[in-house]
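Listed below, chain by chain, are the residues.
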Amino acid sequence: MDYYLGEIRTFGFGVIPKNWLSCSGQILSISQNQALFSLLGTTYGGNGVTTFALPNLQGTAPLGYGNGRGTSTVLGETAGTENVTLINSQLPMHNHILEAVNALGTSNIGAGVNYPAQIGIQTISTPHTAFASNGYINQIGPGTILHPNSIAPTGGNAPHENRMPFLTLNICISLSGVFPSRN
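Thresholds applied
Residues numbered from 1 in each chain as written. Predicted model: local features only at pLDDT ≥ 70, side-chain atom pairs only at ≥ 80, totals over all residues. Heavy atoms only, no water. Pairing = 2+ DSSP bridges. Helix = DSSP H or I, 4+ residues; strand = E, 2+ residues; numbered from the N terminus. Axes fitted to C-alpha atoms, helices over the stretch in contact; angles between N-to-C directions. Buried < 20%, exposed > 50% of the residue type's maximum accessible area, 1.4 Å probe, protein only. Contact = heavy atoms within 4.5 Å. Salt bridge = Lys/Arg side-chain N within 4 Å of Asp/Glu carboxyl O.

Per an unreviewed UniProt entry, the protein chain goes by the name Tail fiber protein and belongs to Mucilaginibacter jinjuensis.

Shown next, in the form of structure tokens:
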């Protein structure tokens, strides 16, 4: 045999070779896999009395353990998330510029143009009410209030995928092979 017991290999085909299992977090019996349990222990799960678990590499990327570049990781540690919803504090600082046109709200300045306009006084029904053809102004006077649609938050607050580009392969662990020397 040219592989170790507990060795993890990546295969480019979809068949799990004989004496290997997919790294999918399966729970195995200690009594039927004593040598493999002596290597893995409960690093990846199980109760340590009758069961232990294989690593689960579904939807994750492997990462070497130990110290490196200001971080320290331990064998079996998991981190990260496949999906994330950003909150305001995670967005880079930026400005939103309020643009307006130098025309009365009654002016037609082009199809699909929706900017706040100069206040025009509506004399037909309600005096002292400002209007714009795009509906962005509510009233006139000191401290004129913009229509809520002109400054409302946007976005659906839905999570987005947060994984780096990936290629799906068949990742398996050997159930037999040479027991690795500890020296």
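Participant: So what's going on with the sheet that holds strand β1 (residues 8-11)? Residues and values would help.
Facilitator: The antiparallel open sheet is built from 3 strands, whose spatial order is β1-β11-β2. Here the strands that pair on one side only, and so sit at the sheet edges, are β1 and β2 (20-22). The mean inter-strand angle of the sheet, taken between neighbouring strand axes irrespective of direction, is 40°. The pairing of β2 with strand β11 (residues 170-174) spans 3 bridges and is antiparallel. Following the sheet pairing, Trp20 is matched in β11 by Ser174.

Participant: I'd love a proper account of the pairing of β11, names of residues and values included.
Facilitator: A regular strand carries its side chains on alternate faces of the sheet. Summarising burial for β11: 4 of the 5 residues are buried, a large majority. Alignment of β1 against β11, held across 4 bridges, turns out to be antiparallel. From the neighbouring strand, Arg9 faces β11, where its bridge partner is Cys172.

Participant: Requested: an account of unusual backbone geometry, with residues and values cited.
Facilitator: Backbone geometry at Asn19 places phi at a positive 70°, although glycine is not the residue there. With phi around 45°, Arg69 is a residue other than glycine that occupies positive phi space. Along the chain, Arg69 falls in the loop between β5 (66-68) and β6 (71-73).

Participant: Requested: an account of the side chain of Asn33, with residues and values cited.
Facilitator: Along the polypeptide, Asn33 turns up in the loop between β3 (27-29) and α1 (34-40). Here Asn33 falls in the buried class, since its relative accessible area comes to 17%. Residues contacting Asn33, with those up to four places away along its chain left out, are Leu28 and Phe52.

Participant: Could you give an account of the pattern of salt bridges, naming the residues involved and the relevant values?
Facilitator: As enumerated under the stated definition, the model contains 3 salt bridges in all. The closest approach of N and O atoms between Arg163 and Glu82, which form a salt bridge, is 3.6 Å. A residue pair is termed long-range when its members are at least 10 positions apart, and Arg163 in the loop between β10 (160-161) and β11 and Glu82 in the loop between β6 and β7 (83-84) qualify at 81 residues. For Arg163, a relative accessible area of 33% puts it in the partly exposed group. For Glu82, a relative accessible area of 35% corresponds to the partly exposed category.

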